[in-house]
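Summary of structural features
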Amino acid sequence: MKNTKKLLCILLSIIVVFSSACLNVWADDKEDKSTTTTTTQKETTTEKEEKSTKEDKTEKEEKTTKSEKEKKEEAEESLKKQKEELQDKLKKSEEKLSQFKESAKTTEEYIDALDTKIGLLEKEIKVIEKEVDVARDKVDALNKQIEPLKKQIDVLQKAYDKAVKEYKKLKKEFDVTYEAYCFRLRAMYISGTDSILAALLTSSDISQFLTRFEMIKAVSKSDTALLKDVTAQMAQITTKQNGLNERKQVLVSAKKKLDKKHKLCKKEKDKIEKDLKLLEEKNRTLNDDRKESDRLFKVFTENAQLYTEFRNEDEELINKVNDEIDDLLSGLKDPDEVTTAVTKDHSEEEDRMESESKSLYSGNDLVLNMCYPAPGHTSVSQSFGHYRNGRAHTGIDYPLPTGSRIVAAQKGVVIKVRKLNYSYGHYVMIYHGTDGSGRQVVTLYAHNSSILVSVGQSVIKGQQIARSGSTGNSTGPHCHFEVIIGGVRKNPANYVS
């Protein structure tokens, strides 16, 4: 009876102690799980907010970029269509030229056909040059994207490498803990639960029982701590592994993006190289065709005695002269403010002429009633308008013998005398005042052999100002006459009589 009571006391103590230990372990485990869950939820919420902000920003940037991209694509498509149309026209132009016999090459029809081809070639070259500019802009833009992308990849690579090292360190620590845990599991499996109960039940008294129980409890607590370490380290490794995978994906994505940019850049550079070679070939053909056109045109104008300008003068030279003239026109004063700058002695006739011309037309359409600039020579070798190559002819050409009289088409003041070996050659410009609409009226006389007036000198209508010639861009002696109203070249045929 005494032994039975003792046994019951021991069993009751075991139950109480085990229950207490289990409750403690369960409470600790729940607390850890609760903390982990809360932290994870906070992290998830923060990540979602950050992700949402990034997505909104990215969406706005993509919309802006898309709009700009669409405009550029439309411009590129337009250039492509222009190029295709010009190539088609060039093909037809070359087919037409091939139909002419050798003997017909000095005819105006053949020269016009050749000049048509030249005009198309000039347009095609401009389109190709624009395509090269577009490709260069693309290369510049890609290079601007590539450099920061390289830096980003460097940063990502370093962060990834650091994360790999941290992961390996955690893995190593985990392996040690896990090995210890496995060792304890094996020991527990071998000893079994019976051995724990046996150790307690074979206690000789309550004191020995409690001592053994505390030892078992300590071992159990150590096992629980070990299990917690294993669980915590596994969670850390999983988190680190996930982070590592994400970093790897970002790094791989950035590298793919960089590779794509490099390929696009190379593609554009190859296109530039190809187009530059094509430009070289087209310019060579253009120069040959221009020389041939000028050679044939000179023969034609000599045979027909219809001298005019060569149609293929360097555009830079033309623009240089036009810019100089535009600057002059933009600085003209009102007619009432204009005074002559001539101080030489005058004859009575010259005094009369100067007196008549001093008062320029002011708001009067009579200024537009002009005489022919080359008296007795009214036949036209080249009208106002455009050549077959698309270039503008801004006046009228009157062919005449060298040394013929060139006169002022209306009274006025000489505002420019220039002697060039290109373009207008030796030319004179006269300011006549303003018409009924207040527009300033100026005339220009080009390709003279000699000039008889000076800047600031007053002239009257019909007064000789120069002798005709063939200076500058000219196939032979002629007078190139221009009427400029309000800064714009007009058809002189509408004002001379």
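Owing to the predicted nature of the structure, the values given are computational and were not obtained by experimental measurement.

Moving on to the overall build of the chain. Looking only at helices and strands, the chain has five helices and 12 strands in total. Residue burial in the chain is summarised as follows: out of 497 residues, 36% are buried. Long-range pairs, those at least 24 residues apart, make up 74% of the contacts in the chain between residues at least 6 apart in sequence. By element, 52% of the accessible surface of the chain is carried by carbon and sulfur atoms, the whole surface being about 30500 Å².

Here Gly425 is to be found in the loop between β5 (412–419) and β6 (426–434). Spatially, the C-alpha atoms of Gly425 and Gly469 are 9.3 Å apart, while their sequence positions differ by 44 residues. Excluding its chain neighbours within four sequence positions, the residues that come into contact with Gly425 are Arg418, Lys419, Leu420, His447, Thr471 and Gly472.

Another point: the environment of Ser93. Assignment of secondary structure puts Ser93 in helix α1 (residues 2–98). Judged by relative accessible area, which is 9%, Ser93 ranks as buried. Sequence separation of Ser93 and Ile118 is 25 residues, and the distance between their C-alpha atoms is 9.6 Å. Filtering out sequence-adjacent residues up to four positions away, Ser93 remains in contact with Ala113, Lys117 and Leu120.

Judged by nonpolar contacts, the single largest core of 38 residues is most densely connected at Tyr110, Leu114 and Leu244. When contributions to this core are tallied by element, the ones reaching two or more residues are α1, α2 (108–201) and α3 (206–304). Examining the composition of this core, we find that 22 residues originate from one element, α2, more than from any other. Apart from the residues lying within four places of it in its own chain, the contact partners of Tyr110 are Leu97, Phe100, Ala104, Lys105 and Leu296. With 27 residues, the next largest nonpolar core counts Val367, Ile396, Ala409 and Val453 among its residues.

On to the environment of Lys267, then. Along the chain, Lys267 turns up in helix α3. The exposed category is assigned to Lys267, whose relative accessible area is 57%. It is 9.3 Å that separates the C-alpha atoms of Lys267 and Val139, two residues lying 128 residues apart in sequence.

Let's shift gears to the sheet that holds strand β4 (residues 405–407). Ordered in space as β4-β10-β8, the three strands form an open sheet in which the pairing is antiparallel. For this open sheet the edge positions go to β4 and β8 (450–451), each flanked by a neighbour on one side alone. With three bridges joining them, β4 and strand β10 (residues 464–467) adopt antiparallel strand pairing. Paired with Val407 across the bridge in β10 is Gln464.

What follows concerns helix α4 (residues 315–330). The end-to-end C-alpha distance of α4, which contains 16 residues, comes to 22 Å, matching closely the 22 Å that a straight helix rising 1.5 Å per residue would cover. For α4, the set of buried residues is Val321, Ile325 and Leu329. For α4, the angular spread of the buried residues around the axis is 80°, confining them to a single face. Residues Glu316, Asp327 and Ser330 are exposed on α4 and point more than 90 degrees away from its buried face. Here the buried face of α4 lies against β6, β7 (440–448), β11 (478–485) and β12 (488–490).

Calculation notes
Residues numbered from 1 in each chain as written. Predicted model: local features only at pLDDT ≥ 70, side-chain atom pairs only at ≥ 80, totals over all residues. Heavy atoms only, no water. Helix = DSSP H or I, 4+ residues; strand = E, 2+ residues; numbered from the N terminus. Buried < 20%, exposed > 50% of the residue type's maximum accessible area, 1.4 Å probe, protein only. Contact = heavy atoms within 4.5 Å. Areas by Shrake-Rupley, 256 points an atom, 1.4 Å probe, with all protein chains shown as cover. Core = buried A, V, L, I, M, F, W, Y, C linked by side-chain atoms within 4.5 Å. Pairing = 2+ DSSP bridges. Expected span 1.5 Å × (residues − 1). Arc of directions from axis to C-beta.

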